[in-house]
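# A look at the structure
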Amino acid sequence: MTHDDRSVQVPGASLRVVIDAPDDLDEASGSAAAPPITLLASALVSLEAWDDVTPFLVAAGYRVVRYDYRGFGASATDPVEFSNRDDLRAVLDALGIERTAVVGNSYGAMIALDTVLESPERFVAMAWVGGGIGGFDGGDSEEELALYRTYEEAEEAGDIETMADVDVRIWVDGVGQRSDRVPDAIREAVRRMDRPHVDPKRVLGTPIPLEPRANERLASLAIPTLVVIGELDTQGTRAAAARLATTATQARLVSWPDVAHMIGMEQPERLAGALIDFLAPLPRWR
């Protein structure tokens, strides 16, 4: 597997971009022999969250592109307004990618969906993994609301450790689940990546939302779409999965009873297998 770690400059920011590809490509076929898949992570984590998924996709013959959003992971930004859709397109343009399959988890799924709706010509398929839908509110359980209030109190106090701990309890363990349900290594990896993101001194910029919002445009989604949801995820995320799967014309729902929100970290081989099966029937792209 070849590995390329570089920076892509966008207005007001520098984005860390990582590309992994099969190492047996010949010069004549090049990238055409390895269709690109772009992976977009949750806002809790950096592109490293896809570390265990990527080798399976590369072994299946795909070129895997990952990047840190501005203000997240190793990407820095000025305090400016910006479009996440523009940033995603800029990464693809910098790599010479005309069309890609896109896989987004959580916040990354929202960015993927928004960008597909705004620029459908750039995408061959989308996998929405435990994400959200702009403009859609699926509601919260009382137990979830209590944890959200704890987070808000910690945020007001600037208590980074408590914010990261609540994030792990909600999004890694699953609300109401045992703290030992997920291996400690995964819980600590998320906590480590999340701490800088919840630091009140972190410069994130101001994202410009898609208008009209995605929830009003789902019926226009016209590419093959795989909706993956863990049944231990939050009430709102599960409702968003159902909304997308029943509204988008080419969407298919996969629901797993034993996982929560961070599916790619919790069950990377299982998710990679589902993605490979989903993409296999499509004509090759580049």
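Look up: the structure comes first, before these words.
Below is a short write-up of the structure. Keep in mind that this is a model prediction, so the values were computed, not measured.

## Let's talk about the pattern of salt bridges
Taken as a whole and assessed by the stated rule, the structure comprises 19 salt bridges. Residues Glu98 and Arg286 are paired through a salt bridge, measuring 3.7 Å at the closest nitrogen-oxygen approach. A residue pair is termed long-range when its members are at least 10 positions apart, and Glu98 in the loop between α2 (84-94) and β7 (100-105) and Arg286 in the segment after α9 (268-279) qualify at 188 residues. Given a relative accessible area of 45%, Arg286 falls into the partly exposed group. Residues joined in a network through salt bridges with shared partners are Arg85, Asp86, Arg89 and Glu118.

## Considering the nonpolar core
If you look at soluble globular proteins, the nonpolar side chains tend to sit buried side by side. Counting 50 residues, the largest nonpolar core has Val45, Met265 and Leu279 as the members making the most contacts within it. Aside from chain neighbours lying at most four places away, what touches Leu279 is Ile37, Tyr62, Ala101, Ala125, Arg284 and Trp285.

## Observations regarding the side chain of Arg70
In this fold, Arg70 is placed in the loop between β4 (63-67) and β5 (76-77). Side-chain polar atoms of Arg70 contact the side chain of Asp87, separated by 2.8 Å. Setting aside chain neighbours within four positions, we find Arg70 in contact with Val10, Pro11, Gly12, Ala13, Leu15, Ser75, Ala76, Thr77, Val80, Phe82, Asp87 and Leu204.

## Remarks on the pairing of strand β11 (residues 251-256)
A regular strand places its side chains on the two faces of the sheet in alternate fashion. Here six bridges tie strand β10 (residues 225-230) to β11, and the two strands are oriented parallel to one another. Each bridged residue has a counterpart across the sheet, and for Val228 the counterpart in β11 is Val254. For the crossover from β10 across helix α7 (residues 235-247) to β11, the handedness is right-handed.

## Focus on the packing of aromatic side chains
Any two aromatic rings considered together are summarised by their centre-to-centre distance and by the angle between their planes. The full count for this structure, using the stated rule, is five aromatic pairs. Each ring, one from Tyr69 and one from Tyr107, has its centre 5.7 Å from the other, and the planes form 85°; the classification is edge-to-face. Linking Tyr69 in the loop between β4 and β5 with Tyr107 in helix α3 (residues 107-118), this pair joins segments that are 38 residues apart in sequence. Note on Tyr69: relative accessible area 4%, which makes it buried.

## Remarks on a negative patch on the surface
Among the surface-exposed residues, Glu152, Glu153, Glu155 and Glu156 lie close enough to one another that they form a single negatively charged patch. With respect to the helices and strands, Glu156 occurs in helix α4 (residues 142-157). You can call Glu156 exposed: its relative accessible area is 73%.

Reading the values: rules and limits
- Residues numbered from 1 in each chain as written.
- Predicted model: local features only at pLDDT ≥ 70, side-chain atom pairs only at ≥ 80, totals over all residues.
- Heavy atoms only, no water.
- Salt bridge = Lys/Arg side-chain N within 4 Å of Asp/Glu carboxyl O.
- Helix = DSSP H or I, 4+ residues; strand = E, 2+ residues; numbered from the N terminus.
- Buried < 20%, exposed > 50% of the residue type's maximum accessible area, 1.4 Å probe, protein only.
- Core = buried A, V, L, I, M, F, W, Y, C linked by side-chain atoms within 4.5 Å.
- Contact = heavy atoms within 4.5 Å.
- Polar contact = N/O pair within 3.5 Å; in protein donor to acceptor, adjacent residues only side chain to side chain.
- Pairing = 2+ DSSP bridges.
- Right-handed = clockwise from strand over helix to strand, strands pointing away.
- Phe/Tyr/Trp six-rings, centres within 6.5 Å; stacked < 30°, edge-to-face > 60°.
- Patch = residues over 30% accessible without salt bridge, like charges linked within 9 Å, V, L, I, M, F, W, Y side chains within 5 Å.
- Areas by Shrake-Rupley, 256 points an atom, 1.4 Å probe, with all protein chains shown as cover.
- Lys, Arg positive; Asp, Glu negative; His and termini not counted.
- Charge placed at Lys NZ, Arg CZ, Asp CG, Glu CD.

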